[in-house]
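# Structural characterization, general
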Amino acid sequence: MSEQLENKVIIVGQQAAEFNVNIHAPKLEGLNDPLLLFAYMADSLEKNSTINELNFTISVIFALGFVFSLLFFYQKISISYSFIVALAITIFWFAISYLLVNFTQIFIPIGQYIILTFATLIWVVIARKISEDKELTADVNNIQQMMMGRYIPQSFIEHPSPWDPIIQLISQQLDLEKSIFLARKEDDHRVVEIRAINCQLDDIQEMRRDYQRTPYSNALKSLGIVRINRPFFKQVVEGEIEFIAPLVYAGDVRGFWALSIVPNLSFNQQAFEKNVNRFAAQVAELLFHYHIFKTTQAKNRTLINRLLTFKLHEPVSQKVKSSLNEMEQKLTTLEMVFNHTSPATVLFNLFGQIIQTNASLERFAKQHQIAIFETTALDLLCRSCSLDIETAKGKLRYITLNKATVELPANLGNYSYTLIIRALHSDNTQTASGAPFQVSGILFEFIRDTPEVIPEVRL
């Protein structure tokens, strides 16, 4: 008996019942006896045929190569496709792990590889977001620097005080002796003086500040400017007339405008009151929208509101949108200026194609039956100046290469014009290669010649 048991593994246990749950293990099917499973494990250990883990060095080297590959690949595709690729890689790791365990008895650390897959994806997304924010911030700064010093009308509602641009507007448009603006206190029927033009705030002689009393109530009843019989200002000169106008929009009283004027011989009081009412209506509308905007902005800037709407920090996209709005406003202004110039003007690019025309040019083309949008710069030059193609090409070449300005006589029908052709360029420098592509376009201007009027001399 001892010889039979020597160097042997004896497994002793209770006999398995027929209704035991089947045990699932590689290469075993229909096994429901735990003793046989233990025997299988012992045989696997003795023959060294168990599942082996991947070598640690190989695993580290493979993981590093895998991470660098993901870094390269994720940057080539969009973020949405990157998530799809990460899910596909996860499925691939599960499939390859199952095959390796069943056929080669090698276990790879799929959990680590899946974590590396998504950790690399998250890092790429964060790094890309940081990089895009830096680039957008740099672009915004460049746009602001380029627009600095140019005419950019700042939005009224973004101004720190609504009264400063209003005072500037009134000062430029109206010639008044004195002006004082009074604003209504919120949730109250009292007014307080805000700004003064050509006088001081202390120059008010009227002590009442309740707009339910005269002279304010008289202006509200008339819904327009009214003349004040009781002195409102101090130190009123002889002949000076005082008025008060309500600043009301959509039934909301935003304030009052007290003013005075010294009429001259050509003074038309009816026209004056009409103009003041128009200005008062515009000022009231500006103040109303400014109040609504600031009230809404104050509510949106509360900490809880910003926290719930994820607006604790202003995104760079908002700054980019503001810069684009400024550029669009600048472009619209330039297009309006170009469109309202009196000479018939058309701008061609270097390929002879039309970039922009103004209203005068469209009337000019209609008058002379020119299909302007189907006409190149060469065709227009040949037709208007009666030049052959070679001569016209030479003039265009001269203008482009030398960034010159040329004046040519043009005759269309019974009308005579002076055609001014100039190259549009940013500066007067010339590259060493003499490349003509510094020119951004060629401008054609048709100026109609007016016959000289000779005064009649009587003998």
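In short, a report on the structure. In this text the structure is predicted, and so the values were computed from the model without any measurement.

### Notes on the packing of aromatic side chains
All chains considered together, the criterion is met by 20 aromatic pairs. Pairing F66 with W93 gives two aromatic rings, centres 5.5 Å apart and planes at 75°, and the pair type is edge-to-face. With a gap of 27 residues between them, F66 in helix α3 (residues 56–76) and W93 in helix α4 (residues 79–104) connect regions that are remote in the sequence. Across this residue pair, the class does not change: F66 and W93 are buried. Residues Y417 and F446 carry aromatic rings whose centres are separated by 6.3 Å and whose planes lie at 85° to one another, so their mutual orientation is edge-to-face. Of this pair, Y417 sits in strand β13 (residues 415–425) while F446 sits in strand β14 (residues 439–448), and the two are 29 residues apart along the sequence. Judged by relative accessible area, which is 3%, F446 ranks as buried.

### Some remarks on the packing of helix α12 (residues 377–385) against helix α13 (residues 389–402)
It is at 9 Å that the axes of α12 and α13 come closest, and there the two elements cross at 120°. As the angle between them shows, α12 and α13 are arranged oblique. For the element pair α12 and α13, the recorded crossing hand is right-handed. Where α12 approaches α13, its residues A377, L378, L381 and C382 are matched on the opposing element by I389, A392, K393, K395 and L396.

### Quick word on the environment of N411
You can see N411 is positioned in strand β12 (residues 405–412). Separated by 28 residues in the primary sequence, N411 and R383 place their C-alpha atoms 8.8 Å from one another. Every residue in contact with N411, bar those within four places of it in the chain, is listed here: R383, S384 and S416. Reaching out from N411, the side chain makes a polar contact with the side chain of S416 at a distance of 3.1 Å.

### Describing the pairing of β12
With burial as the criterion, only one face of β12 is covered, namely that bearing V406, L408, A410 and L412; the residues T405, E407, P409 and N411 on the opposite face remain uncovered. Bridge analysis of β12 against β13 gives 8 bridges, and the strand direction is antiparallel. Counterpart to L408 in the pairing with β13 is L419. Between β12 and the antiparallel strand that follows it, β13, lie 2 residues; G413 among them carries a positive phi value of about 65°.

Conventions we followed
Residues numbered from 1 in each chain as written. Predicted model: local features only at pLDDT ≥ 70, side-chain atom pairs only at ≥ 80, totals over all residues. Heavy atoms only, no water. Phe/Tyr/Trp six-rings, centres within 6.5 Å; stacked < 30°, edge-to-face > 60°. Helix = DSSP H or I, 4+ residues; strand = E, 2+ residues; numbered from the N terminus. Buried < 20%, exposed > 50% of the residue type's maximum accessible area, 1.4 Å probe, protein only. Axes fitted to C-alpha atoms, helices over the stretch in contact; angles between N-to-C directions. Parallel < 35°, antiparallel > 145°, perpendicular 65-115°, else oblique. Left-handed = near helix turned anticlockwise from the far one by under 90°. Contact = heavy atoms within 4.5 Å. Polar contact = N/O pair within 3.5 Å; in protein donor to acceptor, adjacent residues only side chain to side chain. Pairing = 2+ DSSP bridges.

Nothing here speaks to function; it is geometry throughout.
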